[in-house]
Amino acid sequence: MKKLQSLKRIKRIVIKVGSSTLIRRTGKLNLSNMERIIRIISDLHNQGIEVVLVSSGAIRFGAGKMGLKEKPEKIEEKQALASIGQGLLMHMYEKLFFEYGITVGQLLLTRGDLEEKNRRDNARNTFETLFKYRAIPIVNENDTVAVEEIVYGDNDTLSAVVAILINADLLVILSDIDGLYTGDPRKNDEVRKIPVVENITEKIENIAMGAGDSFGIGGMKTKISAAKMATEHGIFVSIIEGERPEQIRDLINGKYVGTIFLPTNTRRDISGNFKSHWAKGKKSIL
Ligand code: GLU
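Now for a quick tour of the structure.

Rules behind the numbers
- Residues numbered from 1 in each chain as written.
- Predicted model: local features only at pLDDT ≥ 70, side-chain atom pairs only at ≥ 80, totals over all residues.
- Heavy atoms only, no water.
- Salt bridge = Lys/Arg side-chain N within 4 Å of Asp/Glu carboxyl O.
- Helix = DSSP H or I, 4+ residues; strand = E, 2+ residues; numbered from the N terminus.
- Buried < 20%, exposed > 50% of the residue type's maximum accessible area, 1.4 Å probe, protein only.
- Near = heavy atom within 4 Å.
- Polar contact = N/O pair within 3.5 Å; in protein donor to acceptor, adjacent residues only side chain to side chain.
- Areas by Shrake-Rupley, 256 points an atom, 1.4 Å probe, with all protein chains shown as cover.

Brief notes about the pattern of salt bridges
Then step 1. For the coordinates displayed, the defined rule picks out 13 salt bridges.
Then step 2. Notably, a salt bridge pairs Asp178 with Lys193, separated by 3.6 Å at the nearest N-O pair. Here Asp178, found in the loop between strand E5 (170-175) and strand E6 (180-181), pairs with Lys193, found in strand E7 (residues 193-194); they are 15 residues apart in sequence, far enough to count as distant.
Then step 3. Taking relative accessible area as the criterion, Lys193 reaches 31% and is therefore assigned partly exposed.
Then step 4. Arg244 is the partner of Glu241 in a salt bridge, and the nearest nitrogen-oxygen pair spans 3.4 Å.
Then step 5. We classify Arg244 as partly exposed; its relative accessible area is 39%.

Below you can see the structure in the form of structure tokens.
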């Protein structure tokens, strides 16, 4: 309990939101989720907290716009859809944050941007300068150019890398499930939610199964590996249901919501490289 109290003093948060929270099965925006997420982010921002939003949804939104029901197989089609969808997504973010008087900045990153020291320093400087301008950075993978060799693979990983890069206090992963369960709650009613994870052991890794849908990339597996990365760098990680973004406020007030992963290390500035984290057989999202 004592540990969660320190969340009251947080200064920087990375919030990751997945495609299934933002885009409905019809391919149209889930405006109610999107508006509530933007409202809570705006409120945290007004409180003086620096927030980064890592948003998926480009490919799914692009597919919706083109009237496609399934994600296509061909890389160039997915890249083209990402290019269509990213613009649409940013247009909505601009518009909705503008209602709260908030400016946003877009960062489209590839793995290469954060593995090489100079480029990583540049990216960090851009984040810092956006914070100085009191703008909210909105991040996605640069899907239109990312190919297998330089891809993160999923935005769960990307959000952890960004959280480490900017030395965030907390990473919130908004998910379609309200936390980590002892099994898959969609398939089994007997499972229980795990409110706090002190250490991501092999057992925890084993229960995290890849429960995604036809568009989503992550599933629980990538969330747990992202949580591992971030907690090892001294960052609190929380999995909260994307339908209930208001719980971010409860969490900061020290309440146990969703699943919270406690930091396993003290914070440090990162100057090393991130390669080892996804060296093990990462698959392309595209
Ligand atoms: N970058 C992808 C998109 O915006 C999504 C990746 C993910 O869902 O993890 O469509």
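So much for the structure itself; the text now carries on.
Brief notes about the site of the ligand
Then step 1. Taken together, nine residues sit near the ligand, with Ala58, Ile59, Asn140, Asp143 and Asn155 positioned nearest.
Then step 2. For the ligand, an oxygen atom lies 2.9 Å from a polar atom in the backbone of Ala58.
Then step 3. Ile59 is positioned with one of its backbone polar atoms (N or O) 2.9 Å from an oxygen atom of the ligand.
Then step 4. Protein chains bury 96% of the 300 Å² of accessible surface belonging to the ligand in isolation.

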